Structures are given as structure tokens and as C-alpha cells.
Amino acid sequence: MHILKRIAAATGIALWTGLASAQPVTVKMWMHEHPPRIAIDKAIIAEFEKANPDIKIQYDVISVADYSTKLLTAFAAGSGPDVFNNTSTLVTQYFNARIIAPIDYAAMGLSDEAALLAKYQGSGFDGIRFQGKLYGVPTELSNWACFANNAIWQEAGLDPKKDWPKTWEALPAVAEKLTRRDANGVPVRRGFDFNWAIPGAFWYVPNTMLHQLGANMIDEAAYKATLDTPAGRQVFQYFQDWTGKLRLGGPQYTDSRTDFLAGKLAAECSFGVWGVPQMEAAKLSWSVLPVPKFAAGVSDNGMDEYAFYMMVNARSPSPAQKAAWKFARFYTDHAGELFAGAGLFVPRAEVTGSAAFKANPAAPFFVNELKRAKFSPRVVGYTQVLDAILRGRDKVVQGEKVEAVVPVMNEEVNTIMNRERTRAATLVK
Amino acid sequence: MHYKWWGLIFVLPAVGFFAAFNLFPMLFGLYLSFTDYDLLNPPIWVGLDNFVNLWDDRLFRQALGNTLVFVAGATVPVWGLSLLAALVFDQAFRARDWLKAAFFLPVLPPIAVVAVLWRVLLHPNGVITSLTGGWWGVTEIRWLADTALAPFSMIAVHDWAMIPFFMMIWLAGLAAIPPEFREAAAIDGAGPVRTFWHVDLPQLRSTAVLVAALSSIGAFQTFALQYVLPNDAGGPANSTMVLALLVLKYGFQYFRMGDAAAISVVMFAMIMLVTLGQLWFNRRA
Amino acid sequence: MRNHPIRLLIALTLAVIFAFPIWFMVSSAFKAEAEIQAIPMHLLPWDFQGLAQFRLAADIAPVWVYFANSWLYAITHVVITVFFGALAGFGFAKYRFPGRSLLFLAVLSTIMVPFQVLVVPLFIEMKALGWENSYAGLLVPGMMNAFGVFMMRQYAADLPDELLEAARIDGAPELRIFLQIALPLLLPALASLAIIVFIWAWGAFLWPLVIVQDKGLNVLSVGLASYTQPYLGQPMWGAAMAASTIATIPIAVLFVFFQRYFVKGLTAAAVKG
């Protein structure tokens, strides 16, 4: 009787585990809304599911405006996605809250970190390394450059390649030549404008300008705000003049990307290399141009770089996490297609050597720009800090004195950072 | 009389529901206001720190000021104008019912629709600009993008949506005045203003208090307009950030649940103060 | 009808000022995008679009899903609030059980509490129950409204006791007395309450905003915002106005057909209070 029971038990167990391993694992995946990339995502997912019949990917696209908030809300509610993409500015917050999991190389089918890094050329992983470990895989490394609408420039008798200003100081005059105004001086077609609609734009651009002046928004080492410096005031004064005295643009107008693609803006600087397919689709004749510098600037850097990383939810059940890492590797191995179809650049051989890369006229330019780009400072409490800086921006645009606004803003940012750091210290034990 | 226990049984579903989804959260919220809680990790007790820090919090102070301004602008004009409208529509005249129905239209759309609709209307180069500034050749008025104008726009939209509703309440109150009173005043030779002052107003006292209380409580809790109308919720440079919206920001954007709870406690206290003040005023006068 | 030219003039001005934005909304739903912000304003569409903007609204966002969810939300709230409000109101009004005043006071106190006080703890409660981002989480909190209990108690108190006593003497169980005697008599009040609750629930904004992440669960109020903040594109005003019109129609219909109940119930409850 004993042996029979044992056999029955063993069979039962074998059946049960067999069933369990045959159970499909569902991996919930969230990506932000970037229209050209969505079709490619779906193709990659279909391919992956065919090759891995026991893994099902539940794919959801979230609008950019809501994405970061929705992610946090979902994590807080315990219903966060298993695998998701997001930008480098927020990863510190995720890490501190222990939302993201360190890379599981075995689940990826790789031997170790070196094997993963070998696929990439360059330092794209810098933004996702915490305490020596990597917590995500880059799906996009990017920075912005400036684009001009050739048709509008020619119509004004200018040539973007020759007349594009080399300095921020020279920009207003050129923009004015390209601006059309109505009887009240209100610009009905702007020559150049900054991107006021995307909050993050006002993180990158001032950071870039400060880097050029040899300064910084945040001192990452000392973990202090360093906005209240002559350089900081100079940058905010620039934006105040832009919207006030010079009346060249501002937050009340349609955002710069939309107007540029609609052919209603002569130049703007918030597109990355991924913008080229969109401009082609909009049938624009465009030129890509380097970001201006300050006449007395000390650093020759372009726009700050940022990255999108694919990360895995540390609170998901283990099978889902393993499946998620497997998928993350599969997805990022398709870097070639993602670049060809959506212009998303990562420093991998299959991208830099691809036909699409060689055919994209802006690609070499961007690679060069990336070489001299810096990452913006990583802070905990990024959302609150950015809010404080946007408040400062809005006040300045409304006409309040820069000398009054900047110190207050600096103090607010310091308060936020101190608070978040104290709290983080009590958690990350 | 043993059937009296059925009463208890009948009220139990409702009472149970409120206990679970009103009273318990209320007490839990009070507890949260004494903690530091980011939803991702267990709450940390901090005592009165959240409340103390609120006073130093620039954003809170701004929201407090904005809220007081908004509540004032949303109650006083509403109270007065809805009463005036009620007086106009109270007597019969040609086409009155049609005009009254037209006047009542703002009550129909839900508040989210009101916000979206006015976002279109208040476009800086849009319809309202042309109807107002257009007379002086002004082509751009930044109704929702100017820190001085935006709060005013919020009040105006809110009042537009609320005045017809409160007019209905006034009309009901006016209808409850026995016509003999008015007739007696007419016999005494009193004109319309005198009649109103000496006959209508005293009779309308409870209605007046009701309108004041309802409109102020509603105004404290309004946030949908401030959320949808401006380009970023809370208006240009937080000029339209009100306490109700701040609770959302601290709770669901910054994930500082303890601070959000503390702000909501402050809101509750303010509403209680205003309501009790109105009741006391009613009792005294 | 005496002729009051001044009164008529004032009334006319008021009616125009207050009705004009609604007219703008509905007429814009039928205009071409470029015509909506045309200056001087076009009262009627010159380039009539038919239902094009409505179709566009459905393309941009699942507006009919939102519509269905709003109905679900409103109907559940109406049914639960009206039935259990009447039940509890009846219980409070006609039965003298120990603890009656205390319980009623407790119920009443919930009316005073602004929803902002509840929104954070309720969210955490939903998370603990596993109801976040689900129909349960969306519908259950607020499903019953203390105002309903309050209003029904006022009306139930007026029910003739003799009728109830007579039924009891005949041996009718209490529940039957409620269902077959009290409810029918309370019908007008129930109708008013139903309409009030429907309008509140239809316009609910804060709770759906907080609890829902999936588009498939969203209600109209929250979904409307997506027409004004799309990614990389002009806000589509025509579609926004079409969606807004869709969101307004049920209330408008209710008002047209049930105006008496609506106005009477609201004001009576308000004045009685």
C-alpha cells in the first residue's frame, strides 16, 4: 500500500506542478503614449507571445500627462504594472520607495551584468544604477536639439544653416524676424518658442542653460538647491524677458511641438531624434541645429540627456517578475526596429549600424550631441521639486521680480529635498 | 410594542453603510492627519507636526487665501443676485416661463461639462474676449492664464452655474409667503420696495440662511473648475489653488497622505465654523 | 398678465446671459472645428457638420463607455439611496427603538462632512479591500446618502399611524407594511429624491477621479477632461462640445419631463430643512 500511495502522491505532485508551470503567467505592461512606437510594441509582443506560449502580455498605453501620477497611484494601490517604462527623472523615487527590482540576469537568459553591458556602447546605464546594481534597461537615450522649418525661414529671406543664432543672446533678434504679429503686437505666428506645455521641458532647458554657465540647479553631492546664484537668476531673467519685454512666446500659446508640426512655428528645441519620423509624416522640410550657448558660457554642452528605462515591479509575484525580465530583454533586443520605426535611440550596435540610422540625416548629429550632454540631477521628490520650479517660472512669466522669486523658489526646493531625504533615510535601512 | 425592534432592523443597512464608509473613514482620516504616510510604506506617527508645518507651508497659505477669496466671491454675489433674479421672476409677465427656463439652463450640465465648456469660451482669443474686450479692440485677454484674472474667472463661472439654482430656492421661499401679507401691505399703501423690506424679507429668513449655508459649504468643496479650467490644475502659479484641490495634490500627486488628511481636517473645521456662525447669526437676529 | 416692460427687459437680459453658453455648447457640437472660435461668433453653424463631431468624440476617447459607466453609477446610487433611505427613514420615523436619536444624529452628521475629508482614507480603505480601480470601488462608497435618509424621514413622519396600526392588527409583518403601505404612499417623495440623487451622481467628479485608473471604468465627468488635454495635438473643441452635449442630455431630458418633481422635491426638502 505504501508504494502505491507514494506513486499516487508523486503523480499528483508531478501533475500539479506540471499544471502550475503550464499556467500562463500574465505580465501587465504599461508604456507611455508615443504614437509611432505603439504599433512596434504590439508587433514585438505578438512575437514574444508566440515564442513563449506560457506568458501573456497585457499591454496598456497611458497618456503622457497622467503617466507618472497613474503609475504612482497604481503602485500605491498595489495594482501597479509588472513591467513599465519611465524616464530617468523619476527612478530615484521608485528606488527609494523600493518599487523597482534589481535586474534578474538569469531570468533574462544572461550570465551577469557584464553580458548585458556588452550589448551597449556608452554610459546609458548611469541613470539607473543604485548602490552598485542596475535596476532597469534603457529603451531610449535621448536629448533634444533644435529644429527649423525651412519653408518659413526661406519665406523670411533667411537660411537656417547660416542664420541660426549661436548664442541665447542672439536668439531673440532672429526670432523676431520670423515672428508675425497682429495690430496689437500679439504674435500670431511665433518665430521661436520654448516648450511651455510639458513640465519636464522646464527641467531640462534651465538645467542645460545652467550647465552651460558652469552652474547647476541642484548640487547632487551636497544635496542642496543651487538656484539662487547669479547664473540661476540670469536664466530666469531670460525667460521673463522672453515672454514679457520681447513678447516672443509664452505658456498661453499652443505648445511648441504641436505648432511646429503644423507648420506654424519657425523653430523650436524640444524634439529628439525621434521627432524626425513625425516631421517626415507632417511633410515638413526641416533642418536640425545645435542648441545655442551663452556668450560667456564656460561649458559647451548641448541639451541635457535623459533616458527611458524599462523596469520591473519589485512587488509583483515572482513568476511575473521573471517573465517580465525575460520580456524586457526580448523587447530591448529589438532596438533596431524601435529606432527604425519610432526613432528611439539606444547606443547599441544594431542601431548605430542599421540602415535606418544611416538613412536618418539627423542621427549622426544627435550622437554627437549625446557625447557632450550631461544628465540632469537626480532628486527624490522630483514631482514636488519640479512643481516648485514651475511655480517660480509662472511667477516670473507673470512679471514678478526675479530677485524676489528665485530665493523663495530655492528655499522651497531645499525644504522639499530635505524632507524627502529624511523620510527616505528612515526607510532605506 | 415589540415591533419597535423592526425599526432598528430597518435602519441597520443604512447605519452599517455609513459606519463603514463615512464614520470609519472620518476617524481614520483624523488618525492619518497625525502621521506621515506615503502609501507605499507603513504610516509613521508624527503627532501635530503636519499641522504645525502647514503654517510654514507657502503653498498651503496661498491655497488658504485663495479659498477664502473664492468662497467670498461664490457666496455673497450668488446670494444677492439669485435673490434679485427670484424677485424678477416672481411675478407673472409675458413669456415668463420661457425666460425662466432659459435662465435655469446652467443648472443642467454636470460641473465637469461646465468646466470644459468655459475652457473653450474663455480661450484668450476666443468668444468671451471678443464679446468683452472686442469693443475696445483688445484681441487677447488671458482669462485663465493671468494670475490676477484667473481667480476672478473661477468665481464668475461658479456664480454663473449656481445663481439659477439658488433662485429656485428663493422662489420657493417667496411662494410660501401668504399672499394676504402682501395684500395687507398693498392696502396700507406700501410700494414694492417697502413691501419687500417689511413683508418678504422677514418671511424669507430661513430661506436666506439656507441659501447662505448651502452656497458656502458648496463653495468650500468646489475644485472641479480649478482642476479643469486652467492649463495646469490650480491655475497659473497656483493663483487658483484652493484647499479642496490641494488635498488632491498632496494626496495623489505627492503621495503625502498625512499632509492631505491634515489639510482636509482644516477644511472641515473651517466649514463647521462658517456654518455654525451662520446658524448663530440666524438665532440672534 | 400685467405688462411689466422693465421686468421683461431684465428677465430677457438675464435669460440671454445665462442661456448663451449652453447654446454655444450645443451649437458648437455641430460646427466645424475652425468655426467654433470664429470672431464674430456664429450663433448657428454655417458649415453644418451633422454628427461628425460626435463621431470624432467617440474616436478620441471611448465616450459611450463613459456614458454607460455614468448610467451605471447613477442608477445604482439612485436605487440604493432611495430604497434604503426610505427604509431607514421609515424606521427612524415610525419606530421608537432604543438608541434611535443617537443613531439618527450619527447618520445626520455625515451630511456635514465634506467629501475631501473622506477621499484619502476611503482610497486607502478601498486598497485594503482590494477594490481599487474596480467597479466595486467606484460604486460602493457613497452609494447610500444620508440626505436620502433625512428627507425620507421627514416625509415618512407624515404617514398616518392609523393605517400602519390597522395593517398590524390584520397581522401583516412589518416588512410587508413598509413595502405595500408606506412605499406607495411615499412615491412622490421617492421620485423627487430619485431625481436629486440622479443629478448628484451623474455629475460626480471627485470620487471617480481618485479611484479609477483604467479608461474602461471611467465616467463621463472624468473622461471629458481627456478632450481638453490630448497628447501632441490641438485640443479638439468640437469633439469636446459634442461629448459635453452627450453628458448633458440625460439631465436635460429629466428636467423636461420631471420638472415638477425635481423643483418641488428639492425646494421642499431644502425649505423643510
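The numbering scheme is per chain: residues are counted from 1 as the chain's sequence reads. Chain letters start at A and ligand numbers start at 1, both assigned in the order the entries are written. The predicted nature of this model means local features are confined to residues of pLDDT at least 70 and side-chain atom pairs, given and counted, to a pLDDT of 80 or more, with totals for whole chains, interfaces and linings taken over all residues.

Considering the domain arrangement of chain C
All names here are of chain C. For the domains described, the bounds stem from an automatic or database domain assignment. Each assigned domain of chain C is listed here: domain 1 (5-11 + 15-50) and domain 2 (60-272). The C-alpha-based centres of domain 1 and domain 2 are spaced at 33 Å. Listed per partner, the contact involves seven residues of domain 1 and seven residues of domain 2. Contributions of two or more residues to the side of domain 1 that touches domain 2 are made by α1 (5-28) and α2 (33-36). Secondary structure is summarised from DSSP: a helix means a run of H or I of at least four residues, a strand means a run of E of at least two, and numbering begins at the N terminus for each. A total of three residues in the side of domain 1 that touches domain 2 trace back to one element, the largest contributor, which is α1. Each residue gets one label: Ala, Val, Leu, Ile, Met, Phe, Trp, Tyr, Cys and Pro are nonpolar, Asp, Glu, Lys and Arg are charged, and the others, such as Gly, are polar. Broken down by class, the residue content of the side of domain 1 that touches domain 2 amounts to four nonpolar, one polar and two charged. Distance between backbone-placed C-beta atoms decides contact: two residues are in contact if it is within 7 Å.

Remarks on the domain arrangement of chain A
All names here are of chain A. Structurally, chain A comprises domain 1 (25-143 + 306-371) and domain 2 (145-302 + 379-427). Of note, the centres of domain 1 and domain 2, computed from C-alpha atoms alone, are 28 Å apart. At the junction of the two partners, domain 1 supplies 19 residues and domain 2 supplies 18 residues. Contributing elements (two or more residues each) for the side of domain 1 that touches domain 2: α4 (91-96), β6 (137-143) and α18 (363-371). Examining the composition of the side of domain 1 that touches domain 2, we find that four residues originate from one element, α18, more than from any other.

Some words on unusual backbone geometry
Residues and elements named next belong to chain A. Its identity as a non-glycine residue notwithstanding, Tyr-223 has a phi of 50 degrees, on the positive side. The topology assignment puts Tyr-223 in the loop between β10 (218-219) and β11 (224-225). The backbone phi angle of Arg-247 is positive, close to 50 degrees, even though this residue is not glycine. By secondary structure assignment, the location of Arg-247 is in the loop between α11 (230-243) and α12 (256-261). Put simply, a residue is buried when 20 or more other C-beta atoms lie within 10 Å of its own C-beta and exposed when 12 or fewer do; between those, it is partly exposed, and each C-beta is set from the backbone. Judged by the 16 C-beta atoms lying within 10 Å of it, Arg-247 falls in the partly exposed class.

As for the sheet that holds strand β14 (residues 305-312) of chain A
Residues and elements named next belong to chain A. When DSSP finds two or more bridges between two strands, those strands count as paired. Strand order in the open sheet formed by five strands is β2-β1-β3-β14-β6, with mixed pairing between adjacent strands. The open sheet has two free edges, formed respectively by β2 (55-62) and β6, since each of these has just one partner strand. Averaged over all pairs of adjacent strands, the angle between their axes in this sheet comes to 20 degrees, without regard to strand direction. Pairing geometry for strand β1 (residues 25-32) and β2, over eight bridges, is parallel. In the strand pairing of β2, His-32 is matched with Ile-62. All axes here are fitted lines through C-alpha atoms, helices being fitted over the stretch that makes contact, and every angle between N-to-C directions spans 0 to 180 degrees.

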